[in-house]
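Topology and contacts: notes
As a plain string of letters, each chain reads:
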Amino acid sequence: MKALVVFYSRTGRTKKIAEHIADILKCDMEEIFDTTSRAGLLGYIRAGRDATYKKLTTIRKTEKEPSLYNIVIIGTPVWAFTMSPAVRTYITENKDKFEKVAFFCTEGGVGGEQTLKEMEVLCGKKPLSLLELRTEEIMRGKHIQKIKEFIEKVRCQNES
């Protein structure tokens, strides 16, 4: 299985999970960079507003070509019950290049299930596996087992 983990992270939590997944799978990884500043209080407010209105943004050109991978694993933080504008943009620009997909999200509290469903609809593909992680799970180290289960399902579904 040739896999690519693609993610956007504002605070570093989603990046931590992406790195863990890529490390276990021993696969390529690419971070999505939003050219709109999401730093500080103003950036946080702007991020929530843009997510709420399902706005696209301008992202830096990515280096990895998703069509060269059997599976693209996409990760996003949950903002206002949906995916970040950077991930929305990445999926919109690349969805026709995905062979198979899996999704993961990080969240402070709620909205993950809705976010993952919206990613599936936008992508137009049923994901092999889904992973929803809350901040408290990550902080307490409870995410490790959930990541292993996510990856096992990716591997099993990819073989069938």
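About the criteria used
Residues numbered from 1 in each chain as written. Predicted model: local features only at pLDDT ≥ 70, side-chain atom pairs only at ≥ 80, totals over all residues. Heavy atoms only, no water. 1 Å grid on protein atoms, 1.4 Å probe; cavity = no way out; pocket = protein on both sides within 12 Å on 5 of 7 lines; lining within 4 Å. Points joined across faces, edges and corners; volume = space filled by probe spheres on them. Helix = DSSP H or I, 4+ residues; strand = E, 2+ residues; numbered from the N terminus. Nonpolar A, V, L, I, M, F, W, Y, C, P; charged D, E, K, R; others polar. Phe/Tyr/Trp six-rings, centres within 6.5 Å; stacked < 30°, edge-to-face > 60°. Lys NZ or Arg CZ within 6 Å of the ring centre and 35° of its normal.

Let us now look at the layout of surface pockets. In this model, the largest pocket occupies a volume close to 370 Å³. Lining the largest pocket we find 18 residues, and of these Y44, P77, V78, W79 and G108 sit closest to its centre. Those elements giving two or more residues to the lining of the largest pocket turn out to be helix 1 (13–25), helix 2 (40–52), strand 3 (71–79) and strand 5 (100–107). Looking at the lining of the largest pocket residue by residue, the classes come out as seven nonpolar, eight polar and three charged.

Here the focus is the environment of Q114. Checked against the element boundaries, Q114 lands in helix 4 (residues 112–123). The spacing of Q114 and M83 is 31 residues in sequence and 9.2 Å in space, taken between C-alpha atoms.

The next thing to look at is the packing of aromatic side chains. As enumerated under the stated definition, the model contains two aromatic pairs in all. When the centroid spacing of 5.7 Å and the interplanar angle of 90° are considered together, the rings of Y8 and W79 count as edge-to-face. Linking Y8 in the loop between strand 1 (3–7) and helix 1 with W79 in strand 3, this pair joins segments that are 71 residues apart in sequence. Taking the ring centre of Y69 as reference, the NZ or CZ of K2 above it sits at 5.0 Å. Above the ring of F33, the side-chain terminus of R60 is found at 4.3 Å from the ring centroid.

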